[in-house]
Each structure stands twice: as C-alpha cells, then as structure tokens.
Amino acid sequence: MLALSDHTLQLARQTLDIEAAALLELKARLDGRFVDAVNRVLGAQGRVVVMGMGKSGHIGRKIAATLASTGTPAMFVHPGEASHGDLGMIQAIDVVLAISNSGESDELLAILPVLKRQGVPLIAMTGGLSSSLARHADVLLDCSVAKEACPMNLAPTASTTAQLAMGDALAVALLDARGFKPEDFARSHPGGSLGRRLLTHVADVMRKGAEVPQVGPDAEFTALMREMSSKGLGATSVTDAQGHVLGVFTDGDLRRLIEKGADLRSLKARDVMRINPRTIPMEALAAEAADMMEQYRITSILVVDKNGCLCGAINTNDLMRAKVI
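Here the structure is a predicted model, which is why all the values come from computation and not from measurement. (Residues numbered from 1 in each chain as written. Predicted model: local features only at pLDDT ≥ 70, side-chain atom pairs only at ≥ 80, totals over all residues. Heavy atoms only, no water.)

Right, let's get into the overall build of the chain. For the chain, the helix and strand inventory stands at 15 helices and twelve strands. For the chain, the spread of C-alpha atoms along the principal axes amounts to about 90 × 55 × 35 Å. Here the chain, with 325 residues, has 43% of them falling under the buried criterion. Long-range pairs, those at least 24 residues apart, make up 64% of the contacts in the chain between residues at least 6 apart in sequence. Of the side-chain charges in the chain, 34 are positive and 36 negative, and the distance between the mean point of each set is 3 Å. (Helix = DSSP H or I, 4+ residues; strand = E, 2+ residues; numbered from the N terminus. Buried < 20%, exposed > 50% of the residue type's maximum accessible area, 1.4 Å probe, protein only. Contact = heavy atoms within 4.5 Å. Lys, Arg positive; Asp, Glu negative; His and termini not counted. Charge placed at Lys NZ, Arg CZ, Asp CG, Glu CD.)

Structural data, given as structure tokens:
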C-alpha cells in the first residue's frame, strides 16, 4: 500500500493549519488566570508536580522536563501510580499542574480529594471547562480546541499541541520572572554544546608554561623563529622582564617581511613585533575567545592576567579539542 502524493500532502497541510489555528485561539484566550498560574508557581516553596494520563501524560513529562531545565524545580508523577503510593511524593509546599483534555480522567479525579485535604494548589490545564477537574482547580488554564487534526476528530492532536504550547508559555514566563540566564541553563546542561560554551573558561583550555611561545624584545630574529617553530602556535609573544605583553609576531608577519625583502638576520624581536596585540583575560569564557578569533580573523590569542602579564595562549585547535567550536 502506497500513500497518494497529493492527498498525503493535503492532509499534512490541513493538520498544520488546524493546529496553527488552535494555537492562535489559545493565544487570544490568555488572560489573568495565566498570570495567576505563574504567580502560584513562583510562590511555591516546593516543586511543580505535573500529572496527566495517556497522551496528556506524555505532554506532561515534556513540560516537567522543560520547567526543570529552565529554573523551576519540577517532576512528573503518574496519576495511576499516585493512587498506589506515589502520592506520598507530593507535599503541601508543592503545586500540582494537572493536564487532561476532557478533565474527567478517572485516575486524576481519584486523587483530587487527597490533594485538596493536603492544601496543595491545583492548576488545571484542560479543554473541559465545566469538567470535574476544572471545578476542583484553583487556577484553570483553558486549552480547549475547536477540533482535533485527526480526520475522525478522535486522536489527540490539536489538543496535545495546545497543551504543549501552554506548557512552554508557562516555562518561558517563569524563567523570565526568575531572571534565568544562559549561564543557568548551561549548568543544567553540562553535557551539551551550550554547556561547554558557557561553562568552559579560557583558563581551562589554554596552553601554559613552557608551551607558550615567548621571547624578550632584544631577542635575535633567529631565536624568535626558533621559539615560534618549536611551540607550534604559528606566533610568539614578545614580553618584558616582568612578563607584560609588548607585542606579537605571527606567520603572517613573517610572510609580509619576506615579500618586502627585509634583511631578517639584522632584525630583533622589537623591530618586527606588532604592538597592542589582541589578548583575552584568563577568566573569560572560551566561547568569547572563539568569537574574537572569528571577528578579527585570527587563529590564536595571547592570554593575560589582571595585570596584563602573559599567562597562556589559545588557538582554534585548542577550542576544537574542547568542543567549544
């Protein structure tokens, strides 16, 4: 059996149209109840406990994960398991976010009286605005949709899209209210590329000590070239006796001298160095070094301490090994 091309594309576009329309309707209905929900979560001393059955449960797991990764402690508790002991995971200091399109999920309704007795605030995300869940809720978030994208209007499609989008809206509003920053996001994603970019500092990946090419201003040109070649950085720093960076000499500078026909044997480091080279503090993020290299089209940067003294060097290969770029 093969799908008919035109019919398949028509159904796909119709699905996207229906779900897009559902989101626009959801947007139009947002009101003070959404703000109330955000404030309930901000005021909770515990966690957001997300609950839902079936497809709403799958959406709930994603919402809980998004909240947790954006600064709002959250977890998912399966309503069916809650009736058999997991309800003990929920405390009065928590807030429950219950998700159900109909608002009549038996497993959810069975635990609502217990939550009420415990005094746990309940935020309901449902399309059943007159449902049992809606009546028990402290805050009702209207996630109703005109119809599902399913041709039979049965399979949860537009309704789960609306739930997911509402969850994302909650997470975004909460992270903004908490002053959540990229650095905070990185701390909960240390294994990802963003984590590496935002948690890795220049000091973590730079070359140090004898690995850093360095000569004095009175060094002969041959000594300068020997230092640059032996360290494999494509450049060497020129520093004074206290270690302050005076200049830098690179492979590119060498090519330009040769093109000019300069008598290299008579030159010293001070004669060929470029003063005021690009430097970066050792406390800076490695990502900043990558951005600087890209902006100025250079492949290496000298690293300095707060006194402007040379303490390391870093190049694109170092950043690639650290998976910063």
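Moving on from the model shown.
A separate point is the packing of helix α3 (residues 54–69) against helix α7 (residues 158–177). Taken N-terminus to C-terminus, the directions of α3 and α7 make an angle of 15°; their axes are 10 Å apart at the nearest point. Between α3 and α7, the angle falls in the class roughly parallel. Every pair of crossing elements has a handedness; the one defined by α3 and α7 is right-handed. Residues K55, S56, I59, K62, I63, T66 and L67 of α3 pack against T160, Q163, L164, G167, D168, A171 and L174 of α7. (Axes fitted to C-alpha atoms, helices over the stretch in contact; angles between N-to-C directions. Parallel < 35°, antiparallel > 145°, perpendicular 65-115°, else oblique. Left-handed = near helix turned anticlockwise from the far one by under 90°.)

Right, let's get into the sheet that holds strand β3 (residues 95–100). Hydrogen bonds between backbone atoms are what pair the strands of a sheet, whose relative direction is either parallel or antiparallel. Taking strand neighbours across the sheet as the criterion, the five strands line up as β2-β1-β3-β4-β5 in an open arrangement whose pairing is parallel. This sheet does not close on itself; its edge strands, each paired only once, are β2 (74–76) and β5 (139–142). Each neighbouring strand pair of the sheet contributes to a mean axis angle of 20°, computed without reference to strand direction. Where strand β1 (residues 48–52) and β2 come together, three bridges link them in parallel fashion. (Pairing = 2+ DSSP bridges.)

As a volume, the largest pocket reaches approximately 340 Å³. In this structure, the largest pocket is lined by 19 residues; those nearest its centre are V248, T250, R274, I298 and S300. Considering each element in turn, the lining of the largest pocket owes the most residues, three residues, to strand β11 (residues 300–304). Taken together, the residues of the lining of the largest pocket sort by class into eight nonpolar, seven polar and four charged. (1 Å grid on protein atoms, 1.4 Å probe; cavity = no way out; pocket = protein on both sides within 12 Å on 5 of 7 lines; lining within 4 Å. Points joined across faces, edges and corners; volume = space filled by probe spheres on them. Nonpolar A, V, L, I, M, F, W, Y, C, P; charged D, E, K, R; others polar.)

This is a description of form; function is not addressed.
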